[in-house]
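# Residue-level structure breakdown
So the chains spell out like this:
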Amino acid sequence: MNTPLDQLYRRNECSKKQSYGKRVREVEGGAFSPLVMNTGGGIANEFQKVLRTLSTRISKRTEEPYSEVMAHLRTRLRFCLLRSCLIALRGNRRKIAITGLAHTELVI
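So, a few notes on the structure that sits alongside this text. (Residues numbered from 1 in each chain as written. Predicted model: local features only at pLDDT ≥ 70, side-chain atom pairs only at ≥ 80, totals over all residues. Heavy atoms only, no water.)

### A few points about the overall build of the protein
Helices and strands together make up the secondary structure of the protein, namely 3 helices and 0 strands. For the protein, the N- to C-terminal ordering of α and β elements is α-α-α. In the protein, which comprises 108 residues, the share counted as buried stands at 18%. Restricting to contacts in the protein with at least 6 residues of sequence separation, those with at least 24 account for 34%. For the protein, the accessible surface area stands at approximately 9200 Å², while carbon and sulfur atoms represent 54% of it. (Helix = DSSP H or I, 4+ residues; strand = E, 2+ residues; numbered from the N terminus. Buried < 20%, exposed > 50% of the residue type's maximum accessible area, 1.4 Å probe, protein only. Contact = heavy atoms within 4.5 Å. Areas by Shrake-Rupley, 256 points an atom, 1.4 Å probe, with all protein chains shown as cover.)

### Brief notes about helix H3 (residues 66–90)
Helix length check: H3 (25 residues) gives 36 Å between terminal C-alpha atoms against 36 Å at 1.5 Å per residue, within 8%. Among the residues of H3, those classed as buried are Val69, Met70, Leu73 and Leu81. Packing partners of the buried residues in H3 comprise helix H2 (45–62). Of the residues trailing H3, Gly91 is marked for its positive phi of about 90°. (Expected span 1.5 Å × (residues − 1).)

### Here's the deal with a nonpolar patch on the surface
A cluster of nonpolar side chains, namely Phe79, Leu82 and Leu86, defines an oily patch on the protein surface of about 290 Å² accessible area. Mapping Leu86 onto the fold places it in helix H3. (Patch = residues over 30% accessible without salt bridge, like charges linked within 9 Å, V, L, I, M, F, W, Y side chains within 5 Å. Salt bridge = Lys/Arg side-chain N within 4 Å of Asp/Glu carboxyl O.)

### Thoughts on the packing of H2 against H3
The N-to-C vectors of H2 and H3 enclose an angle of 130°; their axes lie 9 Å apart at closest approach. The pairing of H2 with H3 is recorded here as oblique in orientation. Of the two elements, H2 crosses H3, and the hand of that crossing is right-handed. Across the interface between the two elements, Phe47, Gln48, Leu51, Arg52, Leu54, Ser55, Thr56, Ile58 and Ser59 of H2 pack against Tyr66, Val69, Met70, Leu73, Arg74 and Leu77 of H3. Counted by class, the contact of H2 with H3 contains 9 nonpolar, 4 polar and 2 charged residues. (Axes fitted to C-alpha atoms, helices over the stretch in contact; angles between N-to-C directions. Parallel < 35°, antiparallel > 145°, perpendicular 65-115°, else oblique. Left-handed = near helix turned anticlockwise from the far one by under 90°. Nonpolar A, V, L, I, M, F, W, Y, C, P; charged D, E, K, R; others polar.)

### Concerning the packing of aromatic side chains
Enumeration over the complete set of coordinates arrives at 1 aromatic pair. Judged by centre distance (5.9 Å) and plane angle (50°), the ring pair of Tyr20 and Phe32 falls under tilted. With a gap of 12 residues between them, Tyr20 in helix H1 (residues 5–28) and Phe32 in the loop between H1 and H2 connect regions that are remote in the sequence. Using a relative accessible area of 39% as the deciding quantity, one classes Tyr20 as partly exposed. (Phe/Tyr/Trp six-rings, centres within 6.5 Å; stacked < 30°, edge-to-face > 60°.)

Put into structure tokens, the structure is as follows:
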């Protein structure tokens, strides 16, 4: 399995476009850009374009430097990816709040 990363990214982008692209265009009337990452934090080309556009808009709106906005977005994304990988490996350790079930009466 010596496939280069850019080729793997392209393959995954095409797969996601085939799966979701038609529905997004027809049902929701929008455009679809797959956000493909690897577990090491690498980002595919279309995801890079989305990040650039988002960073540009945020930096104009908040008047913060583009580089800081981009670094912040990349950092947040990588930590979210890391958290999801850890949850997939070891499970979620947060307590799940069950509200109101102890005091609920079932009428049959």
